[in-house]
Amino acid sequence: MSNPGESGGNDKRSRILDAAQSLFLRYGVKRTALDDVVREAGVAKGTLYLYFDSKDALFAGVAERLCAEVLRNAEEAIASSSSITPRIVGCLDTYIGSMHRLTAQSPHIAELTESKEALAAAIYGAFDRKMRALLQELLRDAHIERRDAVDMFFAAALGTLRTGDSGEKPYRARLTALTDILLAGLRQITHSRSAR
């Protein structure tokens, strides 16, 4: 549903989304009623319906905001360095590591990140394509053009979660080492092919 044009509208919409996300994380999507969100946000039920015409629409709003935040964090991580390894590690940690750490905080986060509900599934599909495009662009900057390179890095990032502490520092350290190895190997393959 569209946002009402008043300047206070965004504040109310944000309060509703904050309340919904907090309740979804605490109790799960299925156990959270719209009445719970209204109470938590401190708004009238009619106000909620100005922004979200159903629980599915509210859920999609939370999913969209969560994806936008992760994408923004990934872009900031990429922009924070001029060196390729930290840029790739920042992108992968934001997309895979931070989402894993968030999931570990709440047993209900999986409902937010693995929804098969059509509206949220479309949002997550678009988000995944944007994250893949970000990583593809980084790899092009590193002169790696293999079509399967993005999948290799995503698989490496997921596998790295399973090899030790998933806290940000230890995960990033392992991911940095693995990224350096993958970059060296892919560059060697590219160099060998171009030398032929």
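Parameters and conventions
- Residues numbered from 1 in each chain as written.
- Predicted model: local features only at pLDDT ≥ 70, side-chain atom pairs only at ≥ 80, totals over all residues.
- Heavy atoms only, no water.
- Axes fitted to C-alpha atoms, helices over the stretch in contact; angles between N-to-C directions.
- Helix = DSSP H or I, 4+ residues; strand = E, 2+ residues; numbered from the N terminus.
- Parallel < 35°, antiparallel > 145°, perpendicular 65-115°, else oblique.
- Left-handed = near helix turned anticlockwise from the far one by under 90°.
- Contact = heavy atoms within 4.5 Å.
- Nonpolar A, V, L, I, M, F, W, Y, C, P; charged D, E, K, R; others polar.
- Phe/Tyr/Trp six-rings, centres within 6.5 Å; stacked < 30°, edge-to-face > 60°.
- Buried < 20%, exposed > 50% of the residue type's maximum accessible area, 1.4 Å probe, protein only.
- Expected span 1.5 Å × (residues − 1).
- Bend = angle between axes of the 7 residues up to and from the residue.

Asks: Residues and numbers for the packing of helix α5 (residues 84–105) against helix α8 (residues 149–161), please.
Replies: Orientation of α5 relative to α8, taken along the N-to-C sense of each, is 50°, at an axis distance of 10 Å. Taken as axis vectors, α5 and α8 run oblique relative to one another. You can see that α5 and α8 cross each other, and the crossing is right-handed. Between α5 and α8, the residues in contact are I88, L92, Y95, I96, G97 and H100 and F153, F154, A157, L158 and L161, respectively. When the residues that make up the contact of α5 with α8 are grouped by side-chain class, the tally is nine nonpolar, two polar and no charged.

Asks: Before we move on, could you go through the packing of aromatic side chains and cite the residues and values that matter?
Replies: Enumeration according to the criterion identifies three aromatic pairs in this entry. Seen from their ring centres, F24 and F59 are 6.2 Å apart, and the 50° between their planes marks the pair as tilted. Of this pair, F24 sits in helix α1 (residues 7–27) while F59 sits in helix α4 (residues 55–79), and the two are 35 residues apart along the sequence. Between Y95 and F154, the ring centres sit 5.2 Å apart and the planes meet at 50°, which makes this aromatic pair tilted. Of this pair, Y95 sits in helix α5 while F154 sits in helix α8, and the two are 59 residues apart along the sequence. Exposure remark for F154: the relative accessible area of 8% places this residue in the buried category. Taken together, Y95, F127 and F154 form an aromatic cluster joined through their ring pairs.

Asks: I'd love a proper account of unusual backbone geometry, names of residues and values included.
Replies: With a phi close to 65°, H143 is a non-glycine residue in the positive phi region. Here H143 shows up in the loop between α7 (118–141) and α8. Since its relative accessible area comes to 61%, H143 is described here as exposed.

Asks: Now, about α5: what can you tell me, with residues and values included?
Replies: With 22 residues, α5 should reach 32 Å at 1.5 Å per residue; the first-to-last C-alpha distance of 30 Å fits that figure. Of all the bends found along α5, the most pronounced is centred on D93 and spans about 45°.

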